[in-house]
Amino acid sequence: MSQNLQTTLQPKRQNAFVRYISRFDEGSVVRWAFVGVLLGTAALLGMDLREMVDRNGGLWGDNSQQLTREFRVLPPAVVAAPSADAQPNDPRHHVEGGRDLLSQPMTFALEAGGILRATGAIDPGSADRLRAELEARGEYVTRISLNSPGGSLDDAIAMARMVRERELATVVEEGAICASSCPLFFAGGINRQIDEKAAIGVHQFYAATDSITSAAQAMADAQMTTARISRHLDEMGIDPALWLHALDTPPRALYYFSPDQLLEYGLVTEPQRLARS
């Protein structure tokens, strides 16, 4: 091919690429780039799991622990006193209620002022109980107050969608915690408020029931779950970058968000209320 012909074709190829990119608006490009980062991070977690498999001589090693597609409830990490190297914004010393209360299956109690209190672990079946409560007395509910260490991913997302469909508000009040999958439930509120002395934390997910037969399957599940969470947050109007902190945090630890981060990621829609003196 002559040099002149090459010179003639090269701009056409470049123009075709430019035309392809121009089909997407800037927001779409940024959004998909960010989803790529999340999926890449999930892939790295899967690679770490594979290294663990190789090191232990099998997926389960000597402990026969199952990984899960749901969030496991971890009350000890929730209520333990902050350590010397804890985050500056670690709010655990504000948490009330204790391990026993938070480890019980989630219950719902309607109080004066239209507040529906959701307290306890998000076990499989929590969404069904919330649906029954809203069908029975939902006309009196205006907001849901959460106090939960998290639990089932499926139920947390399902409850968030119920809350959004009914245009209810969500709140985490002074002395309460919303951790693990609970922020995904909290995200459903049309208005979202967190008191100053409340704890909001996330960590990596891992499976509680479904056994995984290979490291490749573990990596695929991690990627799919990360994508699902990212879509959910985006649909709720929250920056999916919030979940990067979960991917960076081991399952038996919690990353606590500062007030500035809660605003930055859009997890709250109203300024924090000052704690009662």
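Here is what the cut-offs are and how they apply
Residues numbered from 1 in each chain as written. Predicted model: local features only at pLDDT ≥ 70, side-chain atom pairs only at ≥ 80, totals over all residues. Heavy atoms only, no water. Helix = DSSP H or I, 4+ residues; strand = E, 2+ residues; numbered from the N terminus. Buried < 20%, exposed > 50% of the residue type's maximum accessible area, 1.4 Å probe, protein only. Contact = heavy atoms within 4.5 Å. Areas by Shrake-Rupley, 256 points an atom, 1.4 Å probe, with all protein chains shown as cover. Pairing = 2+ DSSP bridges. Axes fitted to C-alpha atoms, helices over the stretch in contact; angles between N-to-C directions. Expected span 1.5 Å × (residues − 1). Patch = residues over 30% accessible without salt bridge, like charges linked within 9 Å, V, L, I, M, F, W, Y side chains within 5 Å. Salt bridge = Lys/Arg side-chain N within 4 Å of Asp/Glu carboxyl O. Lys, Arg positive; Asp, Glu negative; His and termini not counted. Charge placed at Lys NZ, Arg CZ, Asp CG, Glu CD.

## As for the overall build of the protein
The helix and strand tally for the protein stands at 10 helices and 8 strands. Within the protein, buried positions represent 46% of all 277 residues. Across the protein, the fraction of contacts at a sequence separation of at least 24, relative to all contacts at a separation of at least 6, is 71%. Summing over all exposed atoms, the protein offers an accessible surface of approximately 14,500 Å²; the carbon and sulfur share of this is 51%.

## Description of the sheet that holds strand β3 (residues 143–147)
Spatially, β1-β2-β3-β4-β6 is the arrangement adopted by the 5 strands of the open sheet, whose pairing is mixed. Two strands bound the open sheet, and with one partner strand each, they are β1 (107–111) and β6 (192–194). Along the sheet, successive strands turn relative to each other by an average axial angle of 20°, direction set aside. Sheet topology places strand β4 (residues 169–172) next to β6; 3 bridges connect them, and they run parallel. By the bridge assignment, V171 is partnered in β6 with Q193. Relative to β1, helix α5 (residues 126–137) is tilted by about 25°, and along the sheet it contacts β1, β2 (115–119) and β3.

## With respect to helix α8 (residues 215–235)
Between its first and last C-alpha, α8 extends 30 Å over 21 residues, near the 30 Å set by a 1.5 Å rise per residue. All of the buried residues along α8 are A215, A218, D221, A222, T225, T226, A227, I229, S230, H232 and L233. Phi for G237, located one or two positions after α8, is positive at around 80°.

## Points about a negative patch on the surface
On the surface, D234, E235, D239, D260 and E264 cluster together into a patch of negative charge. Where the negative patch is concerned, the elements lending two or more residues are α8 and α10 (259–264). Position of D239 relative to the elements: it lies in the loop between α8 and α9 (244–247).

Purely spatial values, then, with no claim about function.
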